[in-house]
Amino acid sequence: SESESESESESESESESEPEPEPEPAAKHTAGAFVAVADDRWRAWTLQLTAARGPQPLAMLEKLFAESYMPLANALASGLEDTHARHAHDEFAATFSKGYSDAFATFASTTKRPKMVFDAHDVAARVARLHGARTTRVLVVDGMRWDVARVVEERLMAMLGARASMTDELLLWSALPTTTLRQLETIARAVEALRAPAQLEEDPDPPRGRTAEYVRRMRVGPREIHKLDVVEARVRTLRGRIVEQLPAVAEIAAEAIARHAETLAPRTLLFVTGDHGFTIDRAGMTRQGGASPEEVLVGAFALLVGDVH
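None of these values were measured; they are calculated from a predicted model.

Conventions adopted
- Counting from 1, residues in each chain are numbered in the order their sequence is written.
- It should be noted that, the model being predicted, local features are given only for residues of pLDDT at least 70 and side-chain atom pairs only at 80 or more, the latter also being counted only at that level, while totals for whole chains, interfaces and linings use all residues.
- The side-chain quantities take in all heavy atoms of the structure and omit both hydrogens and water.
- In DSSP terms, a helix is any run of H or I states spanning at least four residues, a strand is any run of E spanning at least two, and both are numbered starting from the N terminus.
- Pairing of N or O atoms within 3.5 Å defines a polar contact, subject to two protein rules: one partner must be a possible hydrogen donor and the other a possible acceptor, and residues neighboring in sequence count only if both atoms are side-chain atoms.
- Strand pairing is assigned whenever DSSP identifies at least 2 bridges connecting the two strands.
- Fitting a line to C-alpha atoms yields each axis, with helices limited to the stretch in contact; the angle taken between N-to-C directions then spans 0 to 180 degrees.
- Throughout this description, buried means an accessible area under 20% of the type-specific maximum (1.4 Å probe, protein chains only), exposed means over 50%, and partly exposed covers the range between.
- Directions are taken from the helix axis to each C-beta atom, and the arc is the one they span.
- Residues count as neighbours in contact if any of their non-hydrogen atoms are within 4.5 Å of one another.
- Definition of nonpolar core: a set of buried residues of the types Ala, Val, Leu, Ile, Met, Phe, Trp, Tyr and Cys, connected through side-chain atoms within 4.5 Å.
- Predictor confidence is given residue by residue as pLDDT, running from a minimum of 0 to a maximum of 100.

Enquirer: It is not clear to me how the side chain of Thr-46 should be interpreted in this structure. Could you clarify?
Expert: Secondary-structure assignment places Thr-46 in helix α2 (residues 41–51). A distance of 2.8 Å separates a polar atom in the side chain of Thr-46 from the backbone oxygen of Trp-42.

So this is what it looks like as structure tokens:
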């Protein structure tokens, strides 16, 4: 009938005018992983990396990594096919790897270096003083590279709500080689581990199953840390379109950290950091231990938990 036809027409019009659903908030932290094939933001990332010629100030280098390199790397790992994008990514990675490897050799004899994973306790103590924390706890999340850390942070704060407040968001640098045992060695021995590195074996396999989803306490030299292995354990089992699976891994890590945070005394400063990252190749395999930006630059954040509002 005519009325039914008009109704159908109105329904189609309403359907056509409905806005596209907003992307999941966490998607912005792995920009390019989900949307690069659907739009052309990768072109801007490519241009920004191409324009970054020569040595860069530390702040600018970290900004390029977070805002251009990492999302482009995720887009390429997710199937983006473009020669210019691949070239910009590879050139930035090669320049970074060589520059960091050369500079790292001087860190044992100079104070001019970026904030590193083994500085976590000092950084946490400074943040704790600024925010009037009564105690401090350092939690190392094995394998939590920068983009994963940003998603963990977002999910964790959503879970804790008013029971915690975010105080700082940071980026730390891993020692070379970017392996778990090497980072633990530097946490234990600080700069001395750079002057006289120990002979380390290959990283042991992380705990499996539910065991990996619980925070455990351990001593490394004179330091006490808490450690979570679930990211490293899950990433080692991923295959195929890995970037698209990372938010689910981050969700599990956030749940584990939230459980841990619930056990802390009021006004505890919880400093959470990755120890090293990993790369993803086009075949869907991960790699760690090198000097690429993804392996070296890790996310860290601090939150004040318990009776903070």
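Enquirer: Sorry, what's going on with the sheet that holds strand β8 (residues 297–305) here?
Expert: Two modes of strand pairing occur in sheets, parallel and antiparallel, and in both the strands are linked by backbone hydrogen bonds. Strand order across the open sheet formed by 6 strands is β2-β8-β5-β1-β4-β3, with mixed pairing between neighbours. Every interior strand has two partners, whereas the edge strands, β2 (164–173) and β3 (216–220), have only one. Taking the axes of each pair of neighbouring strands and ignoring which way they run, one obtains an average angle of 30 degrees across the sheet. Looking at chain direction, strand β1 (residues 135–141) and strand β4 (residues 223–228) are connected through 3 bridges and run parallel.

Enquirer: Help me understand α2 in this model?
Expert: Helical periodicity: at 3.6 residues per turn, an α-helix aligns residues three or four positions apart in one direction. Buried within α2 we find Trp-42, Trp-45, Thr-46 and Leu-49. Around the axis of α2, the buried residues are gathered within 100 degrees of arc, so they sit on the same side. In α2, those exposed residues whose orientation departs by more than 90 degrees from the buried face are Leu-47 and Ala-51. Each element contacted by the buried residues of α2 is listed here: α3 (58–77) and α4 (83–104).

Enquirer: Just checking my understanding: could you explain the pairing of β1 for this structure?
Expert: The side chains of a regular strand alternate, first on one face of the sheet and then on the other. In this structure, β1 lies alongside strand β5 (residues 268–274), joined through 7 bridges in parallel fashion. Along β5, the bridge assignment pairs Arg-137 with Leu-270.

Enquirer: What should I look at first to understand the nonpolar core in this one?
Expert: For soluble globular proteins, nonpolar side chains are generally found buried alongside one another. With 55 residues, the main nonpolar core has Phe-65, Leu-72, Tyr-100, Phe-104, Met-116, Trp-173 and Phe-271 as its most contacted residues. Val-141, Leu-238, Ile-242 and Ala-261 belong to the second-largest nonpolar core, a separate cluster that totals 38 residues.

Enquirer: When you look at the confidence of the model for the protein in this model, what are you seeing that I'm missing?
Expert: Of all residues in the protein, 86% attain a pLDDT of 70 or more, and the chain-wide mean is 88. Low pLDDT (under 50) marks residues 1–17, which in the prediction has 0 contacts with non-local residues, meaning those over four places away or in another chain. pLDDT under 50 marks residues 20–29. Its contacts with residues more than four places away, or in other chains, come to 12 contacts.

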